[in-house]
Amino acid sequence: MSDFSLRDRVAVVTGASRGLGLQIALALARAGAQVCVHGRDRARVDAAVRAIVAEGGSAAPLVFALDDEAAAEGALRGVAERHGRLDVLVNNASARDRRALDALDAAALRRLLEIDLVAPFHLARCAAALMRSGGRIVNITSIAGPIARGGDAAYTAAKGGLDALTRALAAELGPRGIGVNAVAPGYFATEANAAMVADAGVAGWLARRTSFGRWGEPREIAGAVVFLASPAASYITGQTLAVDGGYLAHF
């Protein structure tokens, strides 16, 4: 069996009904994992499950609100009970609130941190309690963690915190055989970025600012996550892998 195979592994991917999360779920299923597709909208989650099954993969729906801690804990416990194990958690779901500092109050910051930082912490804590040695947690952070721009303080703080949490969890869970890493996407042409993707000015800016000179395609995030979830990454933990077309390396 290939070191990149996830055959017989059980994976949960949050925010997997569309965008990067869906591409991650599809790729994990192609690698052999049984994928539990999380989202808030049952119809979208069911559509994502059908897309995975149509390719010959194994998938099941998982619907709960990220800020409902009891529901989240119960959902993960249910996965472990139904499948007899839980091997991989991908904390992909997140929210964004782009506002200038004088328009962003503390309550708005707390709301965003609840989804982008507290929820991944809680899910990782619950998942680790259910994982056997060799489990994997992959947090989807952002290049907005190590760098920043104006008008995006809440998201930058949350993703920077998730980077730090990745290292902290790696240190704590390593003795239990659980690897914890992160993937930091750059600019991807997802549904959520549709308006920016249609803006020729943004495309021109990315042509100058990235090494590859273009937007990332959503499918291009998936290989990094499959790698970090697989046996091929068995001695890697506490790392953040940027998948950004060279944005962080280019000036």
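Residues numbered from 1 in each chain as written. Predicted model: local features only at pLDDT ≥ 70, side-chain atom pairs only at ≥ 80, totals over all residues. Heavy atoms only, no water.

Caption draft 1: Fine view of the overall build of the protein. Broken down by element type, the protein carries eight helices and seven strands. In terms of overall dimensions, the protein is globule-like: its C-alpha atoms have a radius of gyration of 17 Å, near the 18 Å expected for 251 residues. By its C-alpha atoms, the protein is 50 × 40 × 35 Å across when sized along the principal axes. Residue burial in the protein is summarised as follows: out of 251 residues, 47% are buried. Sequence-distant contacts in the protein: of pairs separated by 6 or more residues, those separated by 24 or more amount to 73%. Of the accessible surface of the protein, which amounts to about 11,700 Å², a share of 53% is contributed by carbon and sulfur atoms. Between the centroid of the 27 positive side chains of the protein and the centroid of its 24 negative side chains there is a distance of 3 Å. (Helix = DSSP H or I, 4+ residues; strand = E, 2+ residues; numbered from the N terminus. Rg over C-alpha atoms; globule rule 2.2 N^0.38 Å. Buried < 20%, exposed > 50% of the residue type's maximum accessible area, 1.4 Å probe, protein only. Contact = heavy atoms within 4.5 Å. Areas by Shrake-Rupley, 256 points an atom, 1.4 Å probe, with all protein chains shown as cover. Lys, Arg positive; Asp, Glu negative; His and termini not counted. Charge placed at Lys NZ, Arg CZ, Asp CG, Glu CD.)

Caption draft 2: Inspection of helix H5 (residues 153-173) at higher detail. An ideal rise of 1.5 Å per residue puts 30 Å on 21 residues; H5 measures up with 30 Å between its terminal C-alpha atoms. Regarding H5, the residues found buried are Ala154, Tyr155, Thr156, Ala158, Lys159, Leu162, Asp163, Leu165, Thr166, Leu169, Ala170 and Leu173. Buried-residue contacts for H5 involve helix H4 (106-130), strand E5 (136-140), strand E6 (179-185) and strand E7 (240-243). (Expected span 1.5 Å × (residues − 1).)

Caption draft 3: Here's a closer look at unusual backbone geometry. Of note, the phi angle at Asp8 is positive, near 70°, even though the residue is not glycine. As for its placement among the helices and strands, Asp8 is situated in the segment before strand E1 (10-13).

Caption draft 4: Fine view of the state of the cysteines. Taken as a whole, this structure holds zero disulfides when the rule is applied. Not part of a disulfide, Cys36 finds its nearest cysteine sulfur in Cys126, a span of 15 Å. (Disulfide = S-S within 2.5 Å.)

Caption draft 5: Structural context of the nonpolar core. Residues Val13, Ile24, Leu28, Val35, Val37, Val90 and Val183 are the most contacted members of the largest nonpolar core, which totals 35 residues. Broken down by element, the residue count for this core peaks at eight residues, all from helix H1 (residues 19-30). What Val37 contacts, discounting residues up to four positions off in sequence, is Val13, Ala16, Ser17, Val45, Ala48, Val49, Ile52, Ala59, Ala60, Pro61 and Leu62. (Core = buried A, V, L, I, M, F, W, Y, C linked by side-chain atoms within 4.5 Å.)

Caption draft 6: Highlighting the packing of H1 against helix H8 (residues 222-229). At a closest axis distance of 9 Å, the pairing of H1 and H8 adopts a crossing angle of 50°. In terms of their interaxial angle, H1 and H8 are classed as oblique. Crossing handedness for the pair H1 and H8: right-handed. Together, Gln23, Ile24, Ala27 and Leu28 of H1 and Ala222, Val225, Val226 and Ala229 of H8 make up the contact between the two elements. Counted by class, the contact of H1 with H8 contains seven nonpolar, one polar and no charged residues. (Axes fitted to C-alpha atoms, helices over the stretch in contact; angles between N-to-C directions. Parallel < 35°, antiparallel > 145°, perpendicular 65-115°, else oblique. Left-handed = near helix turned anticlockwise from the far one by under 90°. Nonpolar A, V, L, I, M, F, W, Y, C, P; charged D, E, K, R; others polar.)

Limitation: the analysis is restricted to geometry and does not speak to function.
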